[in-house]
Amino acid sequence: MASSTVISAIRGAILVLALVVFLGNIMMWIIMPTDTYYNDWLLHILADTNSTFFGIQGPIMLDFTFPILFIAVLGCLYLHLGKRRSSSIESSKRIEKPKFMRRPMIVKGLGIVNLTELALFTMFIALCVWYFADYVRHWYKQVPVRSMSRVTRGSSILPMLGLTSEASIKYHIWLGNLAMSLFTAHGFLYILYWSITHRLSEMLKWGDHYVSNIAGEISLMCGLALWITTYPTIRRKMFELFFYTHYLYIFFIIFFILHIGIGFACIMLPGLYLFIIDRYLRFLQSREKVRLVSARVLPCETIELNFSKSRGLKYNPTSTIFINVPTISKLQWHPFTITSNSNLEPERLSVVIKCEGSWSQKLYDIISSPSSIDRLQVSVEGPYGPASTHFLRHDVLVMISGGSGITPFISIIRELLFISSTLKCKAPRIMLISVFKNSSHLSILDLILPTSGAPSNSGNLDLQIEAYVTREKGQSKDKLQNPRTIWFKPDASDSPISPALGPNSWLWLAAIISSSFIIYLVLLGVFTQYVVYPIDQNTNNLYSYTKKGSMNMLFICFSIMIAASAAFLWNKKQNAKEAKQIQDMEESVTSRSSNSSIDHDDVEMESLPLQSTIKSINIHYGQRPNLKRILSEIKDSSVGALVSGPKEMRQDVAAICSSGLADNLHFESISFTW
């Protein structure tokens, strides 16, 4: 009860503080481009707060940077306390948003959105347009008198919200296209203005005490190269070009800061600061080589990888993990949905990979070759997933998948299996509608139940499967091959997948954000007091903007490296003992398995009989499901319509749920398509 009260209090504090910061910055943005701000407010602010310890950067950082980082710390505490509750049950029954706010809509260019997303996106666009227009008006008014002085640069601040992987990618695409459109217009208009006024030489100026045009042009070129390769045709047909070009974001950010100066960069510093923390922690985790215990090769060019994991690693259904195989590519990281359940399988983590590209095809060829290897070096980042689930709020779950889109539903079914059998809680009735190209893909259904750890009373779960094979008219006469199991011999240096910051990862993350920011402030204060301020006060020239921006970036990276490395190494030391116990246990199991026949291994790794849990399996050949009819025939009061598959399938289900034909349908899209 006390924990619930604290969680509610923190959540309320986050909402209030976020509202205050949002409204405060809106007011700041409203007055910033006006004459009143330049002639009155700005002079008083700088005169009153330009301390020798932080300089002009201090008030800007106080307004833009500190509140967002403080919200992030409160969010970490909120998630930590929420994690300690019986999250599977309580979070699933939490208060929902009004249905009209969650009703899906299909907007051309944006895809499937709900009213909340559309409203926020519209307000953000309106704010950007108004701010840019008012800024241009003021700039042209000031040009004759001040010759381009006091040019303000506006930056968008990414919201600190808990987002799913799909939503993060969606917002990333929206904001990326919007930002590059504005940046490109900004650069083009300046070049056009210089051309009209016969001042193209401005393009070659590196203003050491003002805006650096060359740095802005380099940043824009990097951004354009990154932006062009995101075109869908290029991204799909030349994925490696798209992937490697995205690393230009490093130079884009560096030269962007050198272009506008660190003072105005504080507007976007909170998002960048948190991104660097996350990126460095992922770098530390990716240096570890994980234990790949076994793999199952399915007849449909699909493989299941089984990793060893520590018991302290917990994750929710539909979580994803990024995998890197250095023998294929040292730079490529690919996300895959975790199909295992951390409650049913506390010492194993599984992913299913289907051959749908050059990287996955090479991985399949390596593992499925007759002369299979004894060890495959693999690194991982993650898992990443939703902080909570809400499947129990529905009476019926209709899961609609196409091809490999079934993988997130495997993790959901296993979670509901654990809830219904172990926690003695009534799970919703499940209807799984899976669409496959040919009958060989039906072997993926064998992965629905775990190979081990399933409870004996798994029959409590009401599961019905409707499988559709679209490219075959009837059952194939050829007998399908059984899945082939391959056991690996991990190296002693390979470690089980463990949480990078231990079981209390949210607390550690809050500590990293707080301590690193304090270290950064101390370094910045000393640097300003003893280096910048004496030059600004005792000479005619100001301290170099380029050096100041470079030193600030160095201080940020150094502070984050110190705090994050200390937290990571501490938790690595704590996890070493458990990792040694897991390795010893696995080595004994592997040695026993190596003395057994291959047939015995295959039988041992097979999933539990589907008939013990699944009420009925119907296979339909040569047809596609009539989703409108199926969904309309379900009369239960609350029906969750979950869809994972091609874009057309997701849009069809969204259109059905938003059509108003049935008020009991609740749409939710699960997609990781880039």
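Residues numbered from 1 in each chain as written. Predicted model: local features only at pLDDT ≥ 70, side-chain atom pairs only at ≥ 80, totals over all residues. Heavy atoms only, no water.

The protein is annotated in an unreviewed UniProt entry as ferric-chelate reductase (NADH) of Sesamum radiatum. You can read under Catalytic activity (unreviewed entry) in the UniProt record for the protein the words "2 a Fe(II)-siderophore + NAD(+) + H(+) = 2 a Fe(III)-siderophore + NADH". For the protein, the Subcellular location (unreviewed entry) comment in UniProt is given as "Membrane". (UniProt positions renumbered as here; feature names shortened; annotations may be inferred.)

Participant: Looking at this model, I keep getting lost on the packing of helix H13 (residues 269-286) against helix H16 (residues 505-538). Mind explaining?
Facilitator: Helix-helix packing is characterised by the crossing angle of the two axes and by the distance between the axes. H16 packs onto H13 with a crossing angle of 120 degrees between their chain directions and a minimal axis gap of 11 Å. The pairing of H13 with H16 is recorded here as oblique in orientation. The interaxial crossing formed by H13 with H16 has right-handed handedness. Residues Leu269, Tyr273, Leu274, Ile277 and Leu281 of H13 lie in contact with H16, whose contacting residues are Leu509, Ile512, Ile513, Ser516, Phe517 and Tyr520. (Axes fitted to C-alpha atoms, helices over the stretch in contact; angles between N-to-C directions. Helix = DSSP H or I, 4+ residues; strand = E, 2+ residues; numbered from the N terminus. Parallel < 35°, antiparallel > 145°, perpendicular 65-115°, else oblique. Left-handed = near helix turned anticlockwise from the far one by under 90°. Contact = heavy atoms within 4.5 Å.)

Participant: Would you explain helix H20 (residues 647-658) in this entry?
Facilitator: Two residues of an α-helix separated by three or four positions point the same way, owing to the 3.6 residues in each turn. Over its 12 residues, H20 runs 16 Å from end to end, which matches the ideal 16 Å to within 8%, given 1.5 Å per residue. Among the residues making up H20, those that are buried are Met649, Arg650, Val653, Ala654, Ile656 and Cys657. End-on view of H20: buried residues confined to an arc of 160 degrees, all on one side of the axis. Gly660 sits one or two positions beyond H20 and adopts a positive phi of about 85 degrees. (Expected span 1.5 Å × (residues − 1). Buried < 20%, exposed > 50% of the residue type's maximum accessible area, 1.4 Å probe, protein only. Arc of directions from axis to C-beta.)

Participant: Sorry, what's going on with H13 here?
Facilitator: Relative to the 26 Å expected for 18 residues at 1.5 Å per residue, H13 spans 25 Å between its end C-alpha atoms, a close match to the ideal helical length. Every buried residue belonging to H13 is among Leu269, Pro270, Leu272, Tyr273, Leu274, Ile277, Tyr280, Leu281, Arg282, Leu284, Gln285 and Ser286, and all of these are buried.

Participant: Would you take a moment to explain a nonpolar patch on the surface for this structure?
Facilitator: There is a patch of nonpolar side chains on the surface, built from Ile518, Val522, Val526, Tyr530, Val531 and Ile535 and spanning about 530 Å² of accessible area. Among the structural elements, Ile518 can be located in helix H16. Assessed through its relative accessible area of 52%, Ile518 is described here as exposed. (Patch = residues over 30% accessible without salt bridge, like charges linked within 9 Å, V, L, I, M, F, W, Y side chains within 5 Å. Areas by Shrake-Rupley, 256 points an atom, 1.4 Å probe, with all protein chains shown as cover. Salt bridge = Lys/Arg side-chain N within 4 Å of Asp/Glu carboxyl O.)

Participant: I tried to follow the side chain of Asn213 on my own but got confused; where do I start?
Facilitator: By the secondary structure assignment, Asn213 is in helix H8 (residues 213-228). When its relative accessible area of 13% is taken as the criterion, Asn213 is described as buried. Look past the residues within four positions of Asn213 in its chain and what remains in contact with it is Trp194, Glu202, Met203, Lys205 and His259.

Participant: Can you help me understand the pairing of strand S11 (residues 463-469) in this one?
Facilitator: On a regular strand, each side chain points to the face opposite its neighbour's, so the side chains alternate between the two faces of the sheet. The buried count for S11 comes to six of seven residues, which makes it a mostly enclosed element. Across seven bridges, strand S10 (residues 429-436) lies against S11 in parallel orientation. Within S11, the position partnered with Phe436 by the bridge is Val469. (Pairing = 2+ DSSP bridges.)

Participant: Explain the nonpolar core here, please?
Facilitator: One recurring pattern in soluble globular proteins: nonpolar side chains tend to sit buried together. Ranked by size, the top nonpolar core spans 36 residues in total, and within it Met399, Ile412, Ile413, Leu416, Leu432, Leu445 and Ile448 carry the most contacts. Here this core gets eight residues from one element, more than from any other, and that element is helix H15 (residues 407-421). Beyond its immediate stretch of four places on either side in the chain, Leu416 contacts Phe391, Leu392, Leu397, Ala427, Pro428, Ile430 and Leu461. Residues Val73, Leu284, Leu501 and Tyr520 belong to the second largest nonpolar core, which totals 30 residues. (Core = buried A, V, L, I, M, F, W, Y, C linked by side-chain atoms within 4.5 Å.)

Participant: Where do I start with the packing of aromatic side chains in this structure?
Facilitator: Aromatic rings considered in pairs are described by the distance between their centres and by the relative angle of their planes. Going through the model one piece at a time under the given rule, you end up with 14 aromatic pairs. Consider the rings of Phe243 and Tyr247, whose centres lie 5.7 Å apart with planes at 85 degrees: the pair is edge-to-face. By relative accessible area, which is 11% here, Phe243 ends up buried. For Tyr247, a relative accessible area of 29% corresponds to the partly exposed category. An angle of 75 degrees between the planes, with centres 5.5 Å apart, marks the rings of Phe527 and Phe555 as edge-to-face. One end of the pair, Phe527, is in helix H16; the other, Phe555, is in helix H17 (residues 545-594), with 28 residues separating them in the sequence. Take Phe527: its relative accessible area is 7%, and that puts it in the buried class. Judged by its relative accessible area of 11%, Phe555 is buried. (Phe/Tyr/Trp six-rings, centres within 6.5 Å; stacked < 30°, edge-to-face > 60°.)

Participant: In this structure, what is going on with the UniProt feature "transmembrane region" (unreviewed entry) in the protein? I would like to understand it.
Facilitator: In the numbering used here, UniProt assigns the feature "transmembrane region" (unreviewed entry) to residues 12-32, 60-81, 109-133, 171-193, 214-234, 246-277, 506-531 and 551-570. Annotated as residues 551-570, this span is 100% helix and 0% strand, and its ends, taken at the C-alpha atoms, are 28 Å apart.

Participant: Would you take a moment to explain the pairing of strand S4 (residues 302-308) for this structure?
Facilitator: Of all seven residues that make up S4, seven are buried, and the element is covered over most of its length. Relative to S4, strand S3 (residues 292-298) runs antiparallel, the two sharing six bridges. By the bridge assignment, Arg296 is partnered in S4 with Glu304. Across seven bridges, the pairing between S4 and strand S7 (residues 348-354) is antiparallel. Paired with Ser308 across the strands is Arg348, a residue of S7.

Participant: I'm lost on the packing of H8 against helix H11 (residues 249-260) in this one. Help?
Facilitator: Their axes nearest at 8 Å, the elements H8 and H11 cross at an angle of 155 degrees. In terms of axis orientation, H8 runs roughly antiparallel to H11. The hand of the H8/H11 crossing is left-handed. Listed contacts from H11 to Asn213, Ala215, Gly216, Ile218, Ser219, Cys222, Gly223 and Leu226 of H8 are Tyr249, Phe251, Phe252, Phe255, Phe256, Leu258 and His259. A class-by-class count of the residues in the contact of H8 with H11 yields 10 nonpolar, five polar and no charged. (Nonpolar A, V, L, I, M, F, W, Y, C, P; charged D, E, K, R; others polar.)

Participant: I keep staring at the pattern of salt bridges and nothing clicks. Help me out?
Facilitator: When charged atoms on two side chains of opposite charge get close, those side chains can pair. Counted under the stated rule, the structure contains 12 salt bridges. For the salt bridge of Arg282 with Asp278, the shortest nitrogen-to-oxygen distance reads 2.9 Å. One end of the pair is Arg282 and the other is Asp278, both in helix H13 and four residues apart, which spans about a single turn. By relative accessible area, Asp278 is classed as partly exposed at 34%. Put simply, Arg199, Glu202 and Lys205 are held in one network by salt bridges that share partners.

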